Amino acid sequence: DAANHYYPDAKLTPDDVISTWSGLRPLLAPPDASAGASQVSREHVIVERKGFITIAGGKLTTYRTMAAEVVDRVVKQLGLKQPSTTDDRPLPGAKDFMESDEVLHAFEQSLASDRLDVKTAKSFVEMYGGRAKQVLERCQASADTNTRVDAELPWLMGQVDEAIVNEFAETLDDVLSRRLTLVLRARDQGLGIAETVAQRMAKAHGWSAQRTEQELSAYRAVVESSRAWRR
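Residues numbered from 1 in each chain as written. Predicted model: local features only at pLDDT ≥ 70, side-chain atom pairs only at ≥ 80, totals over all residues. Heavy atoms only, no water.

A.B. asks: Mind showing me how you'd approach the nonpolar core here?
C.D. replies: A general feature of soluble globular proteins is that nonpolar side chains tend to end up buried together. In this structure, F124, L172, V175, L176, L182 and V197 are the most contacted members of the largest nonpolar core, which totals 38 residues. Looking at this core, the elements that each hand over two or more residues are helix 3 (101-111), helix 4 (118-128), helix 5 (132-139), helix 6 (158-166), helix 7 (172-179), helix 8 (182-185), helix 9 (191-205) and helix 10 (209-226). At six residues, the largest contribution of residues to this core is made by helix 9. Excluding anything up to four places from it in sequence, V175 contacts V160, A163, A169, L180, T181, V197 and M201. (Core = buried A, V, L, I, M, F, W, Y, C linked by side-chain atoms within 4.5 Å. Buried < 20%, exposed > 50% of the residue type's maximum accessible area, 1.4 Å probe, protein only. Helix = DSSP H or I, 4+ residues; strand = E, 2+ residues; numbered from the N terminus. Contact = heavy atoms within 4.5 Å.)

Here it is, written out as structure tokens:
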């Protein structure tokens, strides 16, 4: 209803919804139990005693600040002098692109070629930042790695390998939900390619046939859960 209100030409119906998701905010209980969700503080609190540190509350956008404070508490308890360095450490792929949109745009343009259109290059940079060139080289290394994971999305099979080798993907759900986000973006939510990706992961991780089938079953359950609103 909200989307149709702002974009009346879209004429969306429930059949246009691919999937849904929800999450829980670990907010601190307010002094006033009757306080509404918008009135609850998003701040975090760290409670500690010797050998034990607890962090409560907070939000995703301040996770690095929260992490830095916890690390500083830990090193102090351990009697070390190694303060957190997160303030000066760019996230993977962010180096050289933190201050200038022009530099980022020029990088996107430099990746475009006869084999890669500008729109796809932009998608890779949005996902990987400065790592996009390295990931694209992996994807373009062979016909196999350069195969589309989904016909309507720009992602390539080489990105599955990248997720396994460099992004700590240990499960099929890791790849299809949290690396390539097919569960949210693909019309079939990755079900059509799930077995192919599972077999690729099985080879890389040495999974047995039983483990591979367990991974497929677990991912299908994730997809089913995202469609529960239809029932």
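A.B. asks: I tried to follow helix 5 on my own but got confused; where do I start?
C.D. replies: Every α-helix winds through 3.6 residues per turn, so residues three or four apart in the chain are directed the same way. Where helix 5 is concerned, the buried positions are A132, V135, L136 and C139. For helix 5, the buried positions fall inside an angular range of 100 degrees around the axis, keeping them on one side. Where helix 5 is buried, its residues touch helix 3, helix 4 and helix 6. (Arc of directions from axis to C-beta.)

A.B. asks: Looking at this structure, I do not really get the pairing of strand 1 (residues 44-49). What am I missing?
C.D. replies: A regular strand places its side chains so that they alternate between the two faces of the sheet. Note that strand 1 and strand 2 (residues 52-57) share six bridges and pair antiparallel. Residue pairing across strands places V45 opposite A56, the latter belonging to strand 2. The loop that links strand 1 with its antiparallel partner strand 2 comprises two residues; one of these, G51, has a positive phi angle of about 80 degrees. (Pairing = 2+ DSSP bridges.)

A.B. asks: Whenever I open this one, the pattern of salt bridges confuses me. Can you help?
C.D. replies: Pairs may arise between side chains of opposite charge once their charged atoms sit close together. Taken as a whole, this structure holds 14 salt bridges when the rule is applied. The residue R211 makes a salt bridge to E215 at a minimum N-O spacing of 2.7 Å. With R211 and E215 both in helix 10 and four residues apart, this pair spans about one turn of that helix. Look at E215 and you get buried, because its relative accessible area is 8%. Linked through salt bridges whose partners overlap, the residues forming this network are R131, R138, E162, E167 and R179. (Salt bridge = Lys/Arg side-chain N within 4 Å of Asp/Glu carboxyl O.)

A.B. asks: Which parts of the structure should I look at to understand a negative patch on the surface?
C.D. replies: Together, E69, D72, D87 and D88 line one region of the surface with negative charge. Note on placement: E69 falls in helix 2 (residues 63-77). (Patch = residues over 30% accessible without salt bridge, like charges linked within 9 Å, V, L, I, M, F, W, Y side chains within 5 Å. Areas by Shrake-Rupley, 256 points an atom, 1.4 Å probe, with all protein chains shown as cover. Lys, Arg positive; Asp, Glu negative; His and termini not counted. Charge placed at Lys NZ, Arg CZ, Asp CG, Glu CD.)

A.B. asks: Please explain the side chain of R179 as it appears in this structure.
C.D. replies: Among the secondary structure elements, R179 is positioned in helix 7. Separated by 2.7 Å, the side chain of R179 and the backbone oxygen of E167 make a polar contact. Beyond its immediate sequence surroundings of up to four residues, R179 is in contact with M127, A163, E167, F168, A169 and D174. (Polar contact = N/O pair within 3.5 Å; in protein donor to acceptor, adjacent residues only side chain to side chain.)

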